[in-house]
Amino acid sequence: MATIQILNRETLSHKKYPLQNIRFEKPDATGKFHTLEKEVYFRPDAVAVLLVDDKYKKILLGRQFRLPAFLNGSDKGYLVETCAGIIDEGETEEQTAYREVEEETGYQITNLNKIGGVYTSVGGSTEFVHLFTANYDSNGQHGNGGGLAAEGEDIELIEMGLDEAKEKLKQGWFIEAKTILLLQHFFLNYPTS
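Note that this is a predicted model, so its numbers are computed, not measured. (Residues numbered from 1 in each chain as written. Predicted model: local features only at pLDDT ≥ 70, side-chain atom pairs only at ≥ 80, totals over all residues. Heavy atoms only, no water.)

## Overview of helix α3 (residues 162-171)
Our working rule: When a residue's accessible area, from a 1.4 Å probe over protein chains only, is under 20% of the maximum for its type it is buried; when over 50% it is exposed; and in between it is partly exposed. Segments assigned H or I by DSSP are reported as helices when at least four residues long, segments assigned E as strands when at least two residues long, and all are numbered from the N terminus. Arc definition: directions from the helix axis to the C-beta atoms. Two residues qualify as a contact provided that any one of their heavy atoms is within 4.5 Å of a heavy atom in the partner residue.
All of the buried residues along α3 are L162, A165, K168 and L169. The buried residues of α3 all sit within an arc of 130° when viewed along its axis, so they share a single face. Exposed and oriented more than 90 degrees from the buried face of α3 are D163, K170 and Q171. Taken together, the buried residues of α3 touch β5 (58-65), β10 (156-161) and α4 (177-189). At the exit of α3 stands G172, carrying a positive phi of roughly 80°.

The following block contains the structure:
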């Protein structure tokens, strides 16, 4: 089988992460080559963590402003989502998960469990998100959380009962992909009733 041939890479922007226009050849099912062009945003890999308090039957999510959602018509641009963040150079996925949870929520977690990973927008971004569940103690001591001011984060913490979260998931209330995936995984594997 023939391989993909990169013909040209043009950097369109490199303000935060590279955005490139890539011209390439790829074979179709019959082996005939076709030349195509795609814009690709080279975002680093990331983690997402669904926080669950098994004892009190709650989850902890964050509500924060997302400019792309706002620009695409989402209600005021605020989304409710799981804790997440980019893996820093030299960090493991697990180290990032612990760091991001503490930065965004102020909580320490236990029982960090990787359940898989996904490409978030494979048609235009290289980002791969490692998906985790973890336990937190909703009655335990914790820091302020809220994210890093230096990154413009201002995260409102939202605790929700498992039954309420399951019902909102069924109703289509959640509109952020990694949150939906983690909630679906959780409710398929850990029935609440």
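## Observations regarding unusual backbone geometry
Look at K57: it is not a glycine, yet its phi comes out positive at around 55°. Within the secondary structure layout, K57 lies in the loop between β4 (46-53) and β5. The backbone phi angle of N111 is positive, close to 55°, even though this residue is not glycine. By secondary structure assignment, the location of N111 is in strand β8 (residues 110-119). Take N111: its relative accessible area is 56%, and that puts it in the exposed class.

## Comments concerning the pattern of salt bridges
Where charged atoms from two side chains of opposite charge come close, those side chains can pair. Basically, it comes down to this: The term salt bridge refers to a pairing of a side-chain nitrogen on Lys or Arg with a carboxyl oxygen on Asp or Glu at a separation within 4 Å.
According to the stated counting rule, one finds 12 salt bridges in the structure shown. Measuring nitrogen to oxygen at the nearest pair gives 2.8 Å for the salt bridge that ties E81 to R66. You can see E81 sitting in strand β6 (residues 78-81) and its partner R66 sitting in the loop between β5 and α1 (67-71), a full 15 residues away along the chain. Looking at R66, the relative accessible area reads 30%, which means it is partly exposed. Across the pair E176 and K178 runs a salt bridge, and its minimum N-O distance is 2.5 Å. A single burial state applies to E176 and to K178, both of which are buried. Within this structure, D88, E91, R99, E100 and E103 form a network of salt bridges that share partners.

## Describing the packing of α3 against α4
To describe two helices that pack against each other, one gives the angle between their axes and the distance between the axes. What counts here: Axes, fitted as lines to C-alpha atoms, cover a helix only where it is in contact. Angles between the N-to-C directions of the axes lie from 0 to 180 degrees. Any angle from 65 to 115 degrees is called roughly perpendicular, while one under 35 is roughly parallel, one over 145 is roughly antiparallel, and all others are oblique. We call a crossing left-handed when the near helix sits turned anticlockwise from the far one by less than a right angle, and right-handed when that turn is clockwise. Side-chain classes follow a simple rule in which Ala, Val, Leu, Ile, Met, Phe, Trp, Tyr, Cys and Pro form the nonpolar group, Asp, Glu, Lys and Arg form the charged group, and the remainder, Gly included, forms the polar group.
Two numbers describe how α3 lies on α4: the axes approach to 11 Å, and their chain directions differ by 120°. Viewed along their axes, α3 and α4 adopt a mutual orientation that is oblique. Relative to α4, α3 is oriented so that their crossing is left-handed. Between α3 and α4, the residues in contact are L162, A165, K166 and L169 and I180, L183, Q184, F186 and F187, respectively. Residues that form the contact of α3 with α4 fall into these classes: 7 nonpolar, 1 polar and 1 charged.

## Comments concerning the confidence of the model for the chain
Defined as follows: pLDDT is defined as a per-residue confidence score from the predictor, taking values between 0 and 100.
With 92% of its residues at a pLDDT of at least 70, the chain reaches an overall mean of 91. Mean pLDDT in the chain bottoms out at α1, which sits at 92, and peaks at β4, which reaches 98.

## Focus: the sheet that holds strand β2 (residues 19-27)
Rule in force here: Two strands are counted as paired when DSSP detects at least two bridges linking them.
Judged by pairing direction, the sheet is antiparallel, and its 3 strands sit side by side in the order β1-β2-β3 without closing on themselves. Bordering the open sheet on either side are β1 (5-13) and β3 (33-41), each of which pairs with just one other strand. For this sheet the average axis-to-axis angle between neighbouring strands, irrespective of direction, equals 20°. Pairing geometry for β2 and β3, over 9 bridges, is antiparallel. The residue bridging K26 from the neighbouring strand is H34, located in β3.

## Regarding the side chain of S138
In plain terms, the rule: Here a polar contact is recorded for every N or O atom pair within 3.5 Å, except that within protein the pair must consist of a potential hydrogen donor and a potential acceptor, and residues adjacent in sequence are included only if both atoms are side-chain atoms.
Along the polypeptide, S138 turns up in the loop between β9 (128-135) and β10. Assessed through its relative accessible area of 11%, S138 is described here as buried. For S138, the side chain forms a polar contact with the side chain of D53, separated by 2.6 Å. Apart from the residues within four sequence positions on either side, S138 is in contact with D53, Y56, K58, Y107 and E159.

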